[in-house]
Amino acid sequence: MPADPLRPRFYLTTAIAYANNQPGLHTLYEVIAADVIARWHRMLGDDTRFLTGTDEHSVNIAMKAAEEGRAPRDFVDEKVALFKAAEDALSISPDRFIRTTDPDHIRASQELVRRAYANGDIYIGTYEGWYCPNEGFRNATDVQETARGTICPNHPDVPLQWLTEKNWFFKLSAYQTRLEQHFLDNPTFVQPDYRRNEMLGFIRQGLEDFSISRAGAGWGIPFPIAENGETAQREDGSWDPEAGTIYVWYDALINYVTGAGFPDDLKSFARWWPADLHVIGKDILRFHTIFWPAMLWSAGLEAPRKVWAHGWLLAAGGERMSKSRGNFLDPGDFVAAFGSDGARYVVLREVPFDKDAEVSWDGFVRRYNADLANDFGNLVNRTVSMANRYLGGERPDPSPAADADATWSWTSRVPMLQSSLDDCLLHEALGVIWSVVGDANRFVDAEKPWELAKAAKTGDEAATARLQVVLGDLVEVCRLIGLAAAPFLPETAPRVLAQLGYAWPYAADGNGGPPLLDQLRWGAHSGEKGMLTQAEPLFPRLDTETAPN
RNA sequence: GGCGGAGUAGCUCAGUGGUAGAGCAGGGGACUCAUAAGCCCUUGGUCGGUGGUUCAAAUCCGCCCUCCGCUACCA
């Protein structure tokens, strides 16, 4: 993808998934949403870079691998394959799937540590906390006080030890003032607003330094600096295990700059950084909006432009979905039932992107049937059928743009769609598109093309003309809806346009076509001849009894 | 405890002073181009409770109840 300096660029990322297990739909939810935003920007004509990936280091993963008698690398390779397969099944289109085990990421992570050191922001301190022999250090919030002492809930029989370890620390405290000012100067840096307020409150409580290394050569990136401040790399290129490994945030977060080209390709990095958007879950907000900017500043880099914290899919009763609770939805089952586009649609429509929402299989089926099968799919089907039957399949032109707005209000819908997407309110964007679907179905019943066709057959010229315009408008509305919905329904949109006799001008990932906003003008293809194809149902209706469990 | 948010029809929610709304679900009807889809009509709510301000409050103020988020090192 050649970088065109004249084209606006858009770089967005999802959080990288922890590669300790199979992926759940609640994890993919964020990736689906980000994929929609990426496709939207590609179709607009922006030079877009979309990054997804996996977080693969940690003692937990090394131990899980050991339990299975496998090498960590072998273990994560298998999990990564599952994540990639799930992304493929959902038509996710990352420009790069980054792995924290990638060599360039390891270099990036180490380079950021070096820069922090050079800037005087890291120092050796002591980290202490409850240590579970099976899982490593545990948070205070993860342990339980019992009559027999403090235990880790996952291994109640294994006594926890209070351990002290010599670690490197990052001087987050030094960035408190700058962070607060950054929040005040950039009101949309963290969105939604209530999340921003939470983070601002957190900053104002005072910031503590955090540890960025762990002792020993575990399953992680070698810490590049020895205790004496010299490089920890030996002459043969290997790393001194005494220096320890990089811990969590100086590994995981760094993927965003690695994915932009840091540090190997600084020209690319200059093109893509700072990221326009990090899409993340609310559980890691603090790390992305407080730790991360400070880490970047310490390295002389800019903070990302926007961090968006989405809500969660909640299981019945408002419980958070998780693999450990066993109440998660399997992406394979989901795609098998709803199809790739159906799956994308129902999760994005049922859950407002700025809030949590309870979801259920029945709710998804209802939503699929109501919105996709009955309203949209059937609209295209009846439109194409009628145009074929009454006009011999020759595509009719829509009414002139000046007249059309009285019926369709299309010129005001496009800005609504744009602002919803710019504000990451994906459910709202779908609401805008589907309000047109509703208008179109009502339009059919109001105009009764079948009656116009009967009258036309008897030689009624007014009816003949009206039939052309009515079906022309319907075909045009289907084209516009198909294009507007394309970022959400990338498999279906080309099928819609094909049935209307239009070629699909975009690549499979949304790149390469004409600017979407040009295509979204009413009557953009008026006067072009075209033949409709046979009407083919886009979204077969589902039985309510399709639930797998 | 502190800071913030929310309680409106069976469900999800919109509605920030002027006679209670949408979508879905439920009931009825007319039609037939269509995926027995679509369209029209309709059932349904003392707008968490209470006291106040006002000619008028879901909407403003006080108090109370319930729920949720954040309150540091898990990916």
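These notes cover the structure that comes with them. (Residues numbered from 1 in each chain as written. Chains lettered and ligands numbered in written order. Predicted model: local features only at pLDDT ≥ 70, side-chain atom pairs only at ≥ 80, totals over all residues. Heavy atoms only, no water.)

## Side note on the pairing of strand β10 (residues 161–170)
Then comes step 1: Of the strand pairs in this sheet, strand β5 (residues 122–132) and β10 are connected by 10 bridges, and their pairing is antiparallel. By the bridge assignment for β10, Y123 is matched with F169.
Then comes step 2: Bridge count between β10 and strand β12 (residues 210–211): 2 bridges; the pairing is antiparallel. What sits directly across from F170, in β12, is F210. (Pairing = 2+ DSSP bridges. Helix = DSSP H or I, 4+ residues; strand = E, 2+ residues; numbered from the N terminus.)

## Examining helix α3 (residues 72–89)
Then comes step 1: The end-to-end C-alpha separation of α3 is 26 Å, in line with the 26 Å expected for 18 residues at 1.5 Å each.
Then comes step 2: Considered for burial, the residues of α3 that qualify are F75, V76, K79, V80, F83, A86 and E87. Considered in projection along α3, the buried side chains sweep an arc of 125 degrees and stay on one side of the axis.
Then comes step 3: Where α3 terminates, the next one or two residues include S91, which has phi positive at roughly 60 degrees. (Expected span 1.5 Å × (residues − 1). Buried < 20%, exposed > 50% of the residue type's maximum accessible area, 1.4 Å probe, protein only. Arc of directions from axis to C-beta.)

## Focus on the pattern of salt bridges
Then comes step 1: A full pass over the atoms with the stated rule returns 30 salt bridges.
Then comes step 2: When the shortest N-O distance is used, the salt bridge between D47 and R271 registers 2.7 Å. Here the residue D47 occupies a position in strand β3 (residues 47–55), and R271 occupies one in helix α9 (residues 266–272), the gap between them amounting to 224 residues.
Then comes step 3: Ionic pairing is found between E350 and R367, a salt bridge with its closest N-O pair at 2.8 Å. Taken as a pair, E350 in helix α11 (residues 331–350) and R367 in helix α12 (residues 361–391) lie far apart in primary sequence, 17 residues in all.
Then comes step 4: Take R367: its relative accessible area is 23%, and that puts it in the partly exposed class.
Then comes step 5: A single salt-bridge network, built from bridges that share partners, covers E68, R70, D74, E78 and K79. (Salt bridge = Lys/Arg side-chain N within 4 Å of Asp/Glu carboxyl O.)

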